[in-house]
Amino acid sequence: MRLMYVGHSAMYFEGEVKILIDPFITGNPWVKQKQYDFSPDYIFLSHGHGDHLGDAIDFAKRSGATIIAPYELATWCSWQDVLTHPMHIGGKYQFPFGWVKLVNAIHGSGLITKHEIHYMGHPCGFLWESEGKRFYYAGDTALTYDMKLLKDYSIDYAFLPIGGNFTMDVEDALKAAEMIRPKTVMPVHYNTFEVIEASPEEFVKKIKDRGMEGLYVKPGEEQEL
Ligand code: NI
Ligand code: MN
């Protein structure tokens, strides 16, 4: 399968199934003139913050994709007349392409409009299997001891935020990787805004020093997985 990394936490997996995650396109500083004509079958949403919910509703309407998200966020999406499959933390479900499990993330999830914060439930990370590979998308999260539980899943690819301020920084993401022990780690959620400056090169080097594969896909670039 092919991974297209938009930048920030937005990514698109194109294989037997097409999965779009946290599609922050409009207003994303990483997105220049490039048009993204993604046609996902499923859209995973980790939480309600604008830099993750992004253009999810537009993509879902255009492609008829099903949004998979924590119950409150999925319910709000269903009110925008798109297909949804609500789940919640700890829940696992077998989809036609493979299983998906929602796991804990330590973060917020409020959707913020002018002077109003709309409750969107608990944020999550995604664990899933497709085409015989296992993936962990951490979403926005602090380092949490719960990550120790993920080691048992023999994860092939882990996507971890490294930018700090709102999420783990490089130091904490390295500790997370040590707990999870995936085959390959790819850094996300860095250098989009001034307050989340981090070096993906330095992170990837340190991941390799710890005996894992470090995968640095530059925003706007693609990678075969
Ligand atoms: Ni967030
Ligand atoms: Mn974020």
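Our structure is the block above this text.
Below or above, wherever it landed, is the structure these notes cover. (Residues numbered from 1 in each chain as written. Chains lettered and ligands numbered in written order. Predicted model: local features only at pLDDT ≥ 70, side-chain atom pairs only at ≥ 80, totals over all residues. Heavy atoms only, no water.)

### Remarks on the sheet that holds strand E5 (residues 66-70)
What holds strands together in a sheet is hydrogen bonding between their backbones, with the strands either parallel or antiparallel.
Here's step 1: Strands sit in the order E6-E5-E4-E3-E2-E1-E16 across an open sheet of seven strands; the sheet is mixed. Both outer strands of the open sheet, strand E6 (83-87) and strand E16 (222-224), are each paired with one neighbouring strand and no more. Looking at each pair of strands side by side, their axes are set apart by 20 degrees on average, direction ignored.
Here's step 2: Strand direction decides the pairing type here: strand E3 (residues 18-21) and strand E4 (residues 42-44), joined by three bridges, are parallel. Each residue of the ladder has a partner; that of leucine 20, found in E4, is isoleucine 43. (Pairing = 2+ DSSP bridges. Helix = DSSP H or I, 4+ residues; strand = E, 2+ residues; numbered from the N terminus. Axes fitted to C-alpha atoms, helices over the stretch in contact; angles between N-to-C directions.)

### Structural notes on the coordination of the manganese ion (ligand 2)
Here's step 1: Within the first shell, the manganese ion (ligand 2) binds the protein through Asp51 (OD), His52 (NE2), Asp140 (OD) and His189 (NE2), at distances of 2.1 to 2.3 Å.
Here's step 2: Of note, the manganese ion (ligand 2) draws all its donor residues from one chain, in the sequence arrangement D-H-x87-D-x48-H.
Here's step 3: Taken as an interatomic distance, the gap from the manganese ion (ligand 2) to the nickel ion (ligand 1) is 3.2 Å; aspartate 140 donates to each of them. With aspartate 140 in the loop between strand E12 (133-137) and strand E13 (157-161) and histidine 189 in the loop between strand E14 (184-188) and helix H5 (200-209), this pair connects stretches of sequence that are 49 residues apart. Each member of the pair aspartate 140 and histidine 189 is classed as buried. (Donors = N, O, S within 2.8 Å, 3.2 Å for Na, K, Ca; no water. Buried < 20%, exposed > 50% of the residue type's maximum accessible area, 1.4 Å probe, protein only.)

### Some remarks on the coordination of the nickel ion (ligand 1)
Here's step 1: The coordination sphere of the nickel ion (ligand 1), as far as protein atoms go, consists of His47 (NE2), His49 (ND1), His107 (NE2) and Asp140 (OD), spread over 2.2 to 2.3 Å.
Here's step 2: Around the nickel ion (ligand 1), the four donor atoms sit at angles spanning 88 to 176 degrees, and that spread fits a shape best called irregular.
Here's step 3: All donors to the nickel ion (ligand 1) come from one chain, and their sequence spacing reads H-x1-H-x57-H-x32-D.
Here's step 4: Under the relative-accessibility criterion, histidine 47 is labelled buried at 0%. (Tetrahedral: all angles 85-135°; square planar, octahedral: opposite > 155°, others 65-115°.)

### Description of the sheet that holds E13
Here's step 1: Across the sheet, which stays open at both edges, the seven strands sit in the order E7-E8-E11-E12-E13-E14-E15 with mixed pairing between neighbours. Strand pairing shows two members of the sheet lacking a second neighbour, strand E7 (92-95) and strand E15 (213-214), which therefore form its edges.
Here's step 2: By the bridge criterion, two bridges tie E14 to E15 in an arrangement that is parallel. Each bridged residue has a counterpart across the sheet, and for valine 185 the counterpart in E15 is glycine 214.
Here's step 3: Sitting on the sheet, helix H4 (residues 170-180) touches E12, E13 and E14, and the angle it makes with E13 is about 155 degrees. (Contact = heavy atoms within 4.5 Å.)

### Re the pairing of E6
Here's step 1: In this structure, E5 lies alongside E6, joined through five bridges in parallel fashion. Its bridge partner being in E6, threonine 66 is matched across the sheet by leucine 83.
Here's step 2: Crossover E5 to E6 through helix H3 (residues 71-78) is right-handed. (Right-handed = clockwise from strand over helix to strand, strands pointing away.)

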